[in-house]
Amino acid sequence: MGRKLPRKFYSRTDTVQIARELLGKLLVVPDENGRRVSGMIVETEAYLGVEDRGAHSYGGRRTARNEVMYGIAGHVYVFFVYGMYYQFNVVTGPADHPHAILIRGVEPVDGIDTMRERRGDRIKKDRDLTSGPGKLAIAMGIDRSLNGADLLGDQCWLEQYRNIADAEIASGPRIGIDYAGEDALRPWRFWLKGNEYVSRR
DNA sequence: GGAATGATTCTCT
DNA sequence: GAGAATCATTCCG
């Protein structure tokens, strides 16, 4: 069992670099009985604050929903989209530097039976448990109650897990932000080449 | 107050 | 590959 990544990991200003480094880290969210449910991060996307049309904080937009993006690095930003899915993000950089990284895919490590229960019987292949941001939120038990949680606290956290070589990492445009114009083309999505739990390949 | 829409997924065809 | 599901949040008036 690893130990929690330090605040310093999150508070650096280069969010794109942090998004790369999140690959291979373990996301741990204990269940209601305190048992570990975890997955190795295999896909991330960086959202770069005020100058990124794809980000909720574009142009300095600051609302009740995205308030935690403006807070201390190493906290969790959870929001709800499409009337049915939660998205799990990690806040990076200094305060008032509203950057965040979306976790889009994890490979199940601990508590895979719990994940199967949460996802329901219709999920036949384990591959479909956590290969997408909405799916992994369901499987990991992520909802609104985690919004604003501290990754150095006990509700959820990240641990060192596997070392990833640069050659294993691929990058490309982010998903689902066509409205962002030029910024939709920026290669700020990262994933582990060939991993089954990447949302789209 | 009301209308529009989204950092998605699933189910057909 | 298209269309539905489904609602909190945002923006405008």
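Rules and cut-offs
Residues numbered from 1 in each chain as written. Chains lettered and ligands numbered in written order. Predicted model: local features only at pLDDT ≥ 70, side-chain atom pairs only at ≥ 80, totals over all residues. Heavy atoms only, no water. Axes fitted to C-alpha atoms, helices over the stretch in contact; angles between N-to-C directions. Helix = DSSP H or I, 4+ residues; strand = E, 2+ residues; numbered from the N terminus. Parallel < 35°, antiparallel > 145°, perpendicular 65-115°, else oblique. Left-handed = near helix turned anticlockwise from the far one by under 90°. Contact = heavy atoms within 4.5 Å. Nonpolar A, V, L, I, M, F, W, Y, C, P; charged D, E, K, R; others polar. Phe/Tyr/Trp six-rings, centres within 6.5 Å; stacked < 30°, edge-to-face > 60°. Buried < 20%, exposed > 50% of the residue type's maximum accessible area, 1.4 Å probe, protein only. Lys NZ or Arg CZ within 6 Å of the ring centre and 35° of its normal. Near = heavy atom within 4 Å. Polar contact = N/O pair within 3.5 Å; in protein donor to acceptor, adjacent residues only side chain to side chain. Salt bridge = Lys/Arg side-chain N within 4 Å of Asp/Glu carboxyl O. Pairing = 2+ DSSP bridges.

Observations concerning the packing of helix H3 (residues 112-119) against helix H4 (residues 133-140)
Contact pair H3 / H4: the axes reach a minimum separation of 7 Å and the direction vectors enclose 115 degrees. Considered as vectors, H3 and H4 are oriented roughly perpendicular to each other. For the element pair H3 and H4, the recorded crossing hand is right-handed. Counted together, Met115, Arg118 and Arg119 of H3 and Lys135, Ile138, Ala139 and Met140 of H4 form the full contact between these two elements. A breakdown of the residues in the contact of H3 with H4 according to their chemical character gives 4 nonpolar, no polar and 3 charged.

Here we look at the packing of aromatic side chains
A complete count under the given rule lists 3 aromatic pairs for this structure. For the pair phenylalanine 9 and tyrosine 10, a centre-to-centre distance of 5.3 Å together with 85 degrees between the ring planes defines the contact as edge-to-face. The exposure classification of phenylalanine 9 matches that of tyrosine 10, with both residues buried. The lysine or arginine in question, arginine 12, covers the ring of phenylalanine 9, its NZ or CZ lying 4.9 Å from the ring centre.

Re the protein's contact with DNA strand B
Neighbouring residues of DNA strand B: 23 residues in total, closest His56, Tyr85, Asn89, Arg119 and Tyr179. Close to the protein, within 4 Å, the atoms of DNA strand B are drawn from sugar and phosphate at a rate of 60%. In the model, a phosphate oxygen of DNA strand B is placed 2.8 Å from a nitrogen or oxygen of the histidine 56 side chain. One nitrogen or oxygen atom from the main chain of lysine 135 is found 3.3 Å from a phosphate oxygen belonging to DNA strand B. Of all the secondary structure elements, the ones that give two or more residues to the surface near DNA strand B are strand S3 (76-81), strand S4 (85-92), strand S5 (99-110) and H4. Grouping the constituent residues of the surface near DNA strand B by class yields 11 nonpolar, 8 polar and 4 charged.

Notes on the pattern of salt bridges
Scanning all chains against the criterion turns up 20 salt bridges. Among the salt bridges present, the one from arginine 104 reaches glutamate 43, with a minimum N-O distance of 3.0 Å. Taken as a pair, arginine 104 in strand S5 and glutamate 43 in strand S2 (residues 38-48) lie far apart in primary sequence, 61 residues in all. Judged by relative accessible area, arginine 104 falls into the buried class, the value being 6%. Judged by its relative accessible area of 0%, glutamate 43 is buried. Members of the salt-bridge network, linked through shared partners, are Glu43, Glu45, Arg104 and Arg189.

Here's the deal with the protein's contact with DNA strand C
In the region of DNA strand C, the neighbouring residues are Arg61, Thr63, Arg65, Phe80, Tyr82, Gly83, Met84 and Arg144. Backbone atoms, meaning sugar plus phosphate, form 76% of the atoms of DNA strand C positioned within 4 Å of the protein. Between a phosphate oxygen of DNA strand C and a side-chain N or O atom of threonine 63, the distance comes to 2.2 Å. Residues of the surface near DNA strand C, tallied by class, amount to 3 nonpolar, 2 polar and 3 charged.

Quick look at the side chain of serine 199
Counting through the fold element by element, serine 199 comes out in the segment after strand S8 (189-192). What serine 199 contacts, discounting residues up to four positions off in sequence, is Glu43, Arg104, Ser131, Gly132 and Arg189.

Concerning unusual backbone geometry
Glycine aside, residues mostly have negative phi, and peptide bonds are mostly found in the trans state. You will see that tyrosine 82, though not glycine, has its phi angle at about 55 degrees, which is positive. Within the secondary structure, tyrosine 82 is located in the loop between S3 and S4. Here tyrosine 82 falls in the exposed class, since its relative accessible area comes to 70%. One non-glycine residue, aspartate 96, adopts positive backbone phi at about 60 degrees. Structurally, aspartate 96 can be placed in the loop between S4 and S5.

Re the pairing of S8
What you see with S8 is no split at all: Arg189 and Trp191 on one side and Phe190 and Leu192 on the other are buried throughout. Bridge count for S2 against S8 is 3 bridges, and the pairing is antiparallel. Note on S8: the bridge partner recorded for glutamate 45 is arginine 189. With 4 bridges connecting them, strand S7 (residues 169-172) and S8 associate as antiparallel partners. The partner of serine 171 across the bridge, within S8, is phenylalanine 190.

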